[in-house]
Amino acid sequence: MFNQNGFTFLAALMVVVIMGIMLGLTAQPWKTIMKREREQELLFRGLQYRKAIAAWNTRPGVTGSTTGVTPLNDLKDLLQDPRTLQKNKYLRQLYKDPMTGKGWTIIRDAGGKGIIGVASTSNDVPLKTSFSEYSGLDSFAGKNRYSDWRFVFGADPGTPPTIGMPQ
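The rules behind each value
- Residues numbered from 1 in each chain as written.
- Predicted model: local features only at pLDDT ≥ 70, side-chain atom pairs only at ≥ 80, totals over all residues.
- Heavy atoms only, no water.
- Helix = DSSP H or I, 4+ residues; strand = E, 2+ residues; numbered from the N terminus.
- Buried < 20%, exposed > 50% of the residue type's maximum accessible area, 1.4 Å probe, protein only.
- Areas by Shrake-Rupley, 256 points an atom, 1.4 Å probe, with all protein chains shown as cover.
- Salt bridge = Lys/Arg side-chain N within 4 Å of Asp/Glu carboxyl O.
- Contact = heavy atoms within 4.5 Å.
- Phe/Tyr/Trp six-rings, centres within 6.5 Å; stacked < 30°, edge-to-face > 60°.
- Pairing = 2+ DSSP bridges.

Draft legend 1. Up close: the overall build of the protein chain. In terms of helices and strands, the protein chain carries one helix and four strands. Seen in sequence order, the protein chain has helices and strands lined up from the N terminus as α-β-β-β-β. Residue burial in the protein chain is summarised as follows: out of 167 residues, 29% are buried. Summing over all exposed atoms, the protein chain offers an accessible surface of approximately 11,000 Å²; the carbon and sulfur share of this is 60%.

Draft legend 2. Region of interest: the pattern of salt bridges. Enumeration over the complete set of coordinates arrives at four salt bridges. Among the ionic pairs, Glu-133 bridges to Lys-128, the shortest N-O distance being 2.7 Å. The class for Lys-128 is buried, based on a relative accessible area of 17%.

Draft legend 3. Focus on the environment of Val-125. Relative to the helices and strands, Val-125 is located in the loop between β2 (115-119) and β3 (150-152). Given the relative accessible area of 55%, Val-125 is considered exposed. For the pair Val-125 and Asn-144, spaced 19 residues apart in sequence, the C-alpha to C-alpha distance is 5.5 Å. In this structure, Val-125 is in contact with Lys-35, Asn-144 and Tyr-146, ignoring residues within four places of it in sequence.

Draft legend 4. The packing of aromatic side chains, seen in detail. Here the structure, examined in full by the defined rule, presents nine aromatic pairs. An angle of 70° between the planes, with centres 5.9 Å apart, marks the rings of Trp-56 and Tyr-90 as edge-to-face. Here the residue Trp-56 occupies a position in helix α1 (residues 5-58), and Tyr-90 occupies one in the loop between α1 and β1 (105-108), the gap between them amounting to 34 residues. Comparing Trp-56 with Tyr-90 shows no difference in burial state: the two are buried.

Draft legend 5. Region of interest: the pairing of β1. Examined bridge by bridge, β1 and β2 share four bridges and lie antiparallel to one another. Pairing of Thr-105 across the sheet is with Ala-119, part of β2. The antiparallel hairpin formed by β1 and β2 contains six residues in its connecting segment, where Gly-112 sits at a positive phi of about 75°.

Draft legend 6. Region of the structure containing the pairing of β2. Across the five residues that make up β2, a large majority, five, are buried. As defined by bridge partners, β2 adjoins β3 across three bridges and the pair is classed as antiparallel. Note that in β3 the partner of Gly-117 across the bridge is Val-152.

Below, the structure is given as structure tokens:
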């Protein structure tokens, strides 16, 4: 007597709407989880760069002039040290900024001669606010952007470093 086709269509439509709502509710926590994972990767990669730059600048017996250590001019030099004939690698690979998937902002010393650090190019607001489990990252607390997280080796606190273009 009554046509059942309309009821089946309406029931299927309701199931699709309910599934859409449920997926929308799970998308926000998933987005937060992914951002937290990228933050962890940013800290790992940034610390790897800082450690590699420190190794470049503190390598005993490698000097480019009588004034001291040769400044680091290109991050690619961390993959193969051009100052020696030996195969000295300070990094396994050149990492991209995990927050943007692009290059890093290069931080140079006050004279603009050598690279002393890297920073993210992202201006997003970080989720992480406490850095007690990381050595030497206390200055990251209270920073409002990822680009304020600066992975710098040997910066003189009295002179501000120059910030270059992303690489």
